[in-house]
Amino acid sequence: EAGVAQSPRYKIIEKRQSVAFWCNPISGHATLYWYQQILGQGPKLLIQFQNNGVVDDSQLPKDRFSAERLKGVDSTLKIQPAKLEDSAVYLCASGGAYNEQFFGPGTRLTVL
Amino acid sequence: KQEVTQIPAALSVPEGENLVLNCSFTDSAIYNLQWFRQDPGKGLTSLLLIQSSQREQTSGRLNASLDKSSGRSTLYIAASQPGDSATYLCALLAPRSGNTPLVFGKGTRLSVIA
């Protein structure tokens, strides 16, 4: 089966600019997660969707981050405006049986 | 609040050695524990998933154990190879109780020297 797809793989922007990331989960997976992974740390959950509804966004900086999952399939994560501390890898994962998580390759964001 | 600790942070071993990576957690109320491998610049690859009712899972040269009462999990790698060099992360799925239920450790960076 095809894995989780993410694009772009790399993005370099200047602070205060906007950026958007896209994720396509494994077909049939109802649960979708966005994580932020700062260098040297484990991933931190930003938001969890169940179909097109938000289950948990308690760690999403809502003043600058937004995410949506229209039609319960693809999802986009947006940052507007970006700050230097947003430089990280943004990982998308989808949840299969027994809540096992499958990750995409990630998007490496550099904010200058 | 659930906290996950992985020790050691980094480990270097000669090829062929058996090794153990450790993961400890503070709250034993978990649904499952998952071990991942992460290569530099890449996403996470799922290695093993242990449900809360299970004690261990095996896949090839990998064996993961879970002891909820002591808040510990170990990942055992037999006959290590240079291709095993990567960062290994453990993650817990816990009941939602006001805190995020999905918690990762910081990982153990493994280097297997040929």
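Structure shown above.
Residues numbered from 1 in each chain as written. Chains lettered and ligands numbered in written order. Predicted model: local features only at pLDDT ≥ 70, side-chain atom pairs only at ≥ 80, totals over all residues. Heavy atoms only, no water.

Novice: What should I look at first to understand the overall build of chain B in this one?
Specialist: Regarding its fold elements, chain B presents zero helices and eleven strands. N-terminal to C-terminal, the α/β element order of chain B is β-β-β-β-β-β-β-β-β-β-β. Its C-alpha radius of gyration of 14 Å places chain B within 12% of the 13 Å reference for a compact globule of 114 residues. Each principal axis of the C-alpha atoms in chain B carries an extent, and together these give about 45 × 30 × 20 Å. When burial is assessed residue by residue, chain B has 47% of its 114 residues classed as buried. Intrachain contacts of chain B at a sequence separation of at least 6 include 55% that bridge at least 24 residues. Carbon and sulfur atoms form 48% of the exposed surface of chain B, whose accessible area is close to 5,300 Å². Positive and negative side-chain charges of chain B, numbering 10 and 8 respectively, have mean locations separated by a distance of 7 Å. (Helix = DSSP H or I, 4+ residues; strand = E, 2+ residues; numbered from the N terminus. Rg over C-alpha atoms; globule rule 2.2 N^0.38 Å. Buried < 20%, exposed > 50% of the residue type's maximum accessible area, 1.4 Å probe, protein only. Contact = heavy atoms within 4.5 Å. Areas by Shrake-Rupley, 256 points an atom, 1.4 Å probe, with all protein chains shown as cover. Lys, Arg positive; Asp, Glu negative; His and termini not counted. Charge placed at Lys NZ, Arg CZ, Asp CG, Glu CD.)

Novice: Got a minute to help me understand the interface of chain B and chain A in this structure?
Specialist: Bring the parts together and some accessible area is lost; that lost area is often taken as the interface size. Each partner contributes to the interface: chain B provides 21 residues, whereas chain A provides 23 residues. Of the roughly 1,700 Å² buried between chain B and chain A, counting both surfaces, carbon and sulfur atoms make up 52%. For the pair chain B and chain A, the interface holds zero salt bridges. Our count for the contact surface shared by chain B and chain A stands at four residue pairs in polar contact (both at pLDDT 80 or more). (Buried area = accessible area lost by both parts, 1.4 Å probe. Salt bridge = Lys/Arg side-chain N within 4 Å of Asp/Glu carboxyl O. Polar contact = N/O pair within 3.5 Å; in protein donor to acceptor, adjacent residues only side chain to side chain.)

Novice: Quick question: what am I supposed to make of the nonpolar core here?
Specialist: One broad rule of soluble globular proteins: the nonpolar side chains tend to lie buried together. With 24 residues, the main nonpolar core has L33(B), W35(B), L75(B) and Y88(B) as its most contacted residues. Of all elements in the fold, only β3 (19–25), β4 (32–38), β5 (44–51), β7 (62–67), β8 (72–77), β9 (86–93) and β11 (108–113) of chain B reach the threshold of two or more residues within this core. Not counting residues up to four positions away in its chain, the partners in contact with Y88(B) are Q6(B), L21(B), F36(B), R37(B), L47(B), L75(B), I77(B), G107(B), T108(B) and L110(B). Among the nonpolar cores identified, the runner-up in size contains 21 residues, and I26(A), L77(A), Y90(A) and C92(A) belong to it. (Core = buried A, V, L, I, M, F, W, Y, C linked by side-chain atoms within 4.5 Å.)

Novice: When you look at the sheet that holds β7(B) in this model, what are you seeing that I'm missing?
Specialist: As a general point, the strands of a sheet are linked pairwise by backbone hydrogen bonds and lie either parallel or antiparallel. Residue and element names in this part refer to chain B. Pairing is antiparallel across the open sheet formed by five strands, whose spatial order is β1-β3-β8-β7-β6. The sheet terminates laterally at β1 (4–7) and β6 (56–59), the two strands that pair on one side only. Within the sheet, the average angular offset between the axes of one strand and its neighbour, ignoring direction, is 15 degrees. The pairing of β7 with β8 spans six bridges and is classified as antiparallel. (Pairing = 2+ DSSP bridges. Axes fitted to C-alpha atoms, helices over the stretch in contact; angles between N-to-C directions.)

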